[in-house]
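Coordinate analysis (summary)
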Amino acid sequence: MKTLKAIIETGEDNTFNIYVEQDTPFGFFGEGETVEQAKSDFMNSYNEMKELYKEETGNEVSFDFNYKYDIESFFDYYSKIFNMPALERLTGINQKQLHHYASGLKKPRQAQKNKIESALHSLGKELLSVDL
């Protein structure tokens, strides 16, 4: 099964949009007032297009998705899990700066994005090694 990168971005009207950056045999996207709604719309669109593709061609197609967030969308979606003090401890970036990124007031440089991503991946690896 092929894995596609699904881009999640904050729209101009404070909605969230999801689209695939690679070519697929059919087009699909999602949008919503929250990231959760956009993801649900995206998957509904994907499933509808997958069924239509099978009806029209007789072939089945299936994809997995990796989600790539813009900073604002990431903070919106994961704000229920990560608060700013926790993200500051995790990334070493002060809370005020993180608030600027979350609100869209400032855009992080690539080095800051890499620092946030690296810290999250490190946390993910550590959590994968936990047994309870």
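As shown above, the structure is provided for reference.
In this text, all values refer to a predicted model and were calculated from it rather than measured experimentally.

1. Digging into the packing of aromatic side chains
For the structure shown, the criterion picks out 17 aromatic pairs. Considering the side-chain rings of Phe-26 and Tyr-53, the 5.6 Å spacing of their centres and the 50° angle between planes classify their relative orientation as tilted. Placement of Phe-26 in the loop between β2 (16-20) and β3 (29-32) and of Tyr-53 in helix α1 (residues 35-57) is noted, with a sequence separation of 27 residues between them. The exposure class assigned to Phe-26 is buried, which follows from its relative accessible area of 8%.

2. What about unusual backbone geometry?
The phi torsion at Asn-14 lies on the positive side, around 60°, for a residue other than glycine. As for its position among the elements, Asn-14 is in the loop between β1 (2-10) and β2.

3. Notes on the nonpolar core
Ranked by internal contacts, the top residues of the largest apolar core, which has 27 residues, are Phe-28, Phe-65, Phe-75 and Leu-98. At the level of elements, β1, β2, α1, β4 (63-69), α2 (71-78), α3 (84-91), α4 (95-103) and α5 (110-128) are the ones that each hand at least two residues to this core. Ranked by residue count, the leading element in this core is α1, at four residues. When sequence neighbours within four positions are dropped, the list of residues in contact with Leu-98 reads Phe-75, Met-84, Leu-87, Glu-88, Thr-91, Ile-93 and Ile-116.

4. A look at the pattern of salt bridges
Across all of its chains, the model carries three salt bridges by this definition. Note that Glu-36 and Lys-80 form a salt bridge whose closest N and O atoms lie 3.1 Å from each other. Taken as a pair, Glu-36 in helix α1 and Lys-80 in the loop between α2 and α3 lie far apart in primary sequence, 44 residues in all. Take Glu-36: its relative accessible area is 34%, and that puts it in the partly exposed class. With a shortest N-O distance of 2.8 Å, Glu-60 and Lys-54 are connected by a salt bridge. Given a relative accessible area of 64%, Glu-60 falls into the exposed group. With a relative accessible area of 41%, Lys-54 lands in the partly exposed category.

5. Comments concerning the packing of α3 against α4
Packing of α3 against α4 brings their axes to within 9 Å, and their N-to-C directions diverge by 110°. By the angle class used here, α3 and α4 are roughly perpendicular. Here the hand of the crossing between α3 and α4 comes out right-handed. Only Gln-95, Leu-98, His-99 and Ala-102 of α4 make contact with α3, whose side of the interface consists of Met-84, Pro-85, Leu-87, Glu-88 and Thr-91. Looking at side-chain class alone, the contact of α3 with α4 contains five nonpolar, three polar and one charged residues.

Calculation rules
Residues numbered from 1 in each chain as written. Predicted model: local features only at pLDDT ≥ 70, side-chain atom pairs only at ≥ 80, totals over all residues. Heavy atoms only, no water. Phe/Tyr/Trp six-rings, centres within 6.5 Å; stacked < 30°, edge-to-face > 60°. Helix = DSSP H or I, 4+ residues; strand = E, 2+ residues; numbered from the N terminus. Buried < 20%, exposed > 50% of the residue type's maximum accessible area, 1.4 Å probe, protein only. Core = buried A, V, L, I, M, F, W, Y, C linked by side-chain atoms within 4.5 Å. Contact = heavy atoms within 4.5 Å. Salt bridge = Lys/Arg side-chain N within 4 Å of Asp/Glu carboxyl O. Axes fitted to C-alpha atoms, helices over the stretch in contact; angles between N-to-C directions. Parallel < 35°, antiparallel > 145°, perpendicular 65-115°, else oblique. Left-handed = near helix turned anticlockwise from the far one by under 90°. Nonpolar A, V, L, I, M, F, W, Y, C, P; charged D, E, K, R; others polar.

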